[in-house]
Amino acid sequence: MQGFGETIFAEMSALAVRTGSINLGQGFPDEDGPRAVLDTAVEAIRTGANQYPPGPGLPELREAVAAQRLGRYGLSYDPAAEVFVTVGATEGIAASVLALAGPGDEVIVFEPYYDSYAAVIALAGAVRRPVTLRPAGGRFTFDPEELRAAVGPRTRAVLVNSPHNPAGTVFTRDELEAIAGVCREHDLVAITDEVYEYLTFDGTEHIPLATLDGMRDRTVSVSSAGKSFSVTGWKTGWVTAPAPHIRAVQTVKQFLTYAVNAPYQRAAAYALANELAWVEELRTSLQAKRDRLITGLEAAGFTAYRPQGTYFVQADIRPLGFTDGIELTRALPEKAGVVAIPTQVFYDHAEAGAHFVRFAFCKKDEVIDEAVERLARLGARA
Ligand SMILES: *Cc1c(COP(=O)(O)O)cnc(C)c1O
């Protein structure tokens with residue numbers, strides 16, 4: 001793990017605390033999830049959900065996940081053999097990569113990539129093959145030729161995050177079809193990170209890769225309660241996949257953590273079954289916050305990309321006279337009292353992302369307003 005130092009989120013959050021800055025870096029909401037979900041967790045602790053639950057997860061959560069995949073996407077999974085509970089999506093992805101890729105195998109990722117992907121591919125002894133997302137027509141997308149060229153004889157898997165953090169892209173059916181085509185042609189497994197499955201904007205539809213022709217049997221789908229229900233500290237996630245893939249994931253996961261916290265599993269099952277109307281309100285509110293932040297960033301002089309989903313806006317810093325996002329984000333607390341994340345750290349081809357910074361909008365309106373007011377001084381001074 002040499003080369004994987006402190007994560008950028010830890011560095012920037014510490015900087016925010018040290019300088020008293022507004023933290024639009026790390027993506028966690030500053031308002032908690034639905035009261036009844038929180039109460040279910042409390043009640044679960046009071047009524048005995050305090051010892052090791054079954055390794056694959058509480059049956060009630062596995063059944064709720066199977067019902068959600070079927071009801072929302074028409075994907076049918078056997079809760080007893082094809083649904084598996086993990087310590088957040090992070091462990092679901094880690095166990096999947098460790099189960100499916102070994103030393104020297106290659107895993108395709110779309111850069112900028114979520115930071116845990118690079119680390120867990122390295123833990124597996126595997127090699128990441130990045131395909132770059134670039135702005136085109138106001139959103140970040142990839143060149144299907146570049147994707148095809150990334151496949152080699154050692155390629156085992158493609159890691160697909162949609163809605164995509166940090167680019168904000170929700171892959172279209174055509175983009176997913178290009179990925180599915182490569183998987184079918186080269187017999188690859190797809191590992192999908194769908195933690196923002198509900199948080200899409202302007203009517204954009206989240207399409208799970210597993211719903212495409214021939215993909216259910218070669219896709220390991222990962223999601224979690226954290227983003228959908230504003231409980232990111234609960235670290236309760238799940239994997240849905242064909243039984244042989246689940247057995248492989250379970251073989252790894254049982255020695256990482258063995259089981260997942262019991263009380264939050266009960267609460268997550270309750271949330272999936274009862275709180276989707278609340279999630280729709282969250283979605284609407286996040287879309288308004290996105291627009292609020294973008295209006296402010298544009299007024300401050302940034303070029304902002306309007307994301308189709310997630311918590312994040314990508315901003316191009318060049319119109320303000322800056323070229324290096326790492327330099328700017330390290331100086332930003334001093335210059336403006338705001339913390340953001342340099343997108344560059346999520347690329348292998350750093351030059352492709354050097355001039356982007358990521359701002360989170362899952363914050364109270366008054367926090368966003370204060371942040372953009374401060375950022376407006378940046379242009380005045382530059
Ligand atoms: C937040 C996030 C995760 C982590 O999810 P947990 O359930 O908290 O482990 C994984 N992938 C992406 C893209 C995320 O933004």
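Let me sum up the structure you'll find in this document. Note that this is a predicted model, so its numbers are computed, not measured.

1. Details of the overall build of the chain
Phase 1: A count of helices and strands for the chain gives 14 helices and 15 strands.
Phase 2: For 382 residues, the compact-globule estimate of 2.2 N^0.38 gives 21 Å, and the C-alpha radius of gyration of the chain, at 20 Å, lies within 12% of that figure.
Phase 3: Taken along the three principal axes of its C-alpha coordinates, the chain extends 60 × 55 × 40 Å.
Phase 4: For the chain, the proportion of its 382 residues judged to be buried stands at 59%.
Phase 5: Considering only residue pairs separated by 6 or more positions, the chain has 75% of its internal contacts joining residues 24 or more positions apart.

2. Examining the packing of helix H2 (residues 35–46) against helix H10 (residues 262–274)
Two quantities define a packed helix pair, namely the angle between the helix axes and the distance between the axes.
Phase 1: Two numbers describe how H2 lies on H10: the axes approach to 8 Å, and their chain directions differ by 145 degrees. You can see that H2 and H10 cross each other, and the crossing is right-handed. Each of Ala36, Val37, Thr40, Ala41, Ala44 and Ile45 in H2 lies in contact with H10, whose residues at this interface are Pro263, Tyr264, Arg266, Ala267, Tyr270 and Ala271.
Phase 2: Residue composition of the contact of H2 with H10, by class: 10 nonpolar, one polar and one charged.

3. Describing the sheet that holds strand E12 (residues 312–316)
Phase 1: If you trace the four strands from one edge of the open sheet to the other, you get E11-E12-E15-E14, paired in antiparallel fashion. In the strand order of this sheet, the two ends are held by strand E11 (303–305) and strand E14 (341–342), each with one partner.
Phase 2: Two strands pair when backbone bridges link them, and E12 and strand E15 (residues 356–360) are joined in this way by five bridges, in the antiparallel orientation. Within E15, the residue paired with Gln314 across the bridge is Arg358.

4. Considerations on the layout of surface pockets
Once rolled over the atoms, a probe with the size of a water molecule shows which space is left empty.
Phase 1: Estimated volume of the largest pocket: approximately 1,000 Å³.
Phase 2: Taken together, 42 residues form the lining of the largest pocket, with Thr7, Phe9, Tyr114, Asp115 and Ser116 sitting closest to its centre.
Phase 3: Among the secondary structure elements, those contributing two or more residues to the lining of the largest pocket are helix H1 (8–19), helix H4 (88–100), helix H5 (115–123), helix H8 (225–228) and helix H12 (325–336).
Phase 4: Here the lining of the largest pocket is built from residues that sort into 18 nonpolar, 14 polar and 10 charged.
Phase 5: Taken as a whole, the second largest pocket spans an internal volume of roughly 190 Å³.
Phase 6: Around the second largest pocket sit 14 residues that line it, and Glu31, Ser230, Leu282, Ser285 and Lys289 are the ones nearest its centre.
Phase 7: Its residues placed into classes, the lining of the second largest pocket shows six nonpolar, two polar and six charged.

Here is what the cut-offs are and how they apply
Residues numbered from 1 in each chain as written. Predicted model: local features only at pLDDT ≥ 70, side-chain atom pairs only at ≥ 80, totals over all residues. Heavy atoms only, no water. Helix = DSSP H or I, 4+ residues; strand = E, 2+ residues; numbered from the N terminus. Rg over C-alpha atoms; globule rule 2.2 N^0.38 Å. Buried < 20%, exposed > 50% of the residue type's maximum accessible area, 1.4 Å probe, protein only. Contact = heavy atoms within 4.5 Å. Axes fitted to C-alpha atoms, helices over the stretch in contact; angles between N-to-C directions. Left-handed = near helix turned anticlockwise from the far one by under 90°. Nonpolar A, V, L, I, M, F, W, Y, C, P; charged D, E, K, R; others polar. Pairing = 2+ DSSP bridges. 1 Å grid on protein atoms, 1.4 Å probe; cavity = no way out; pocket = protein on both sides within 12 Å on 5 of 7 lines; lining within 4 Å. Points joined across faces, edges and corners; volume = space filled by probe spheres on them.

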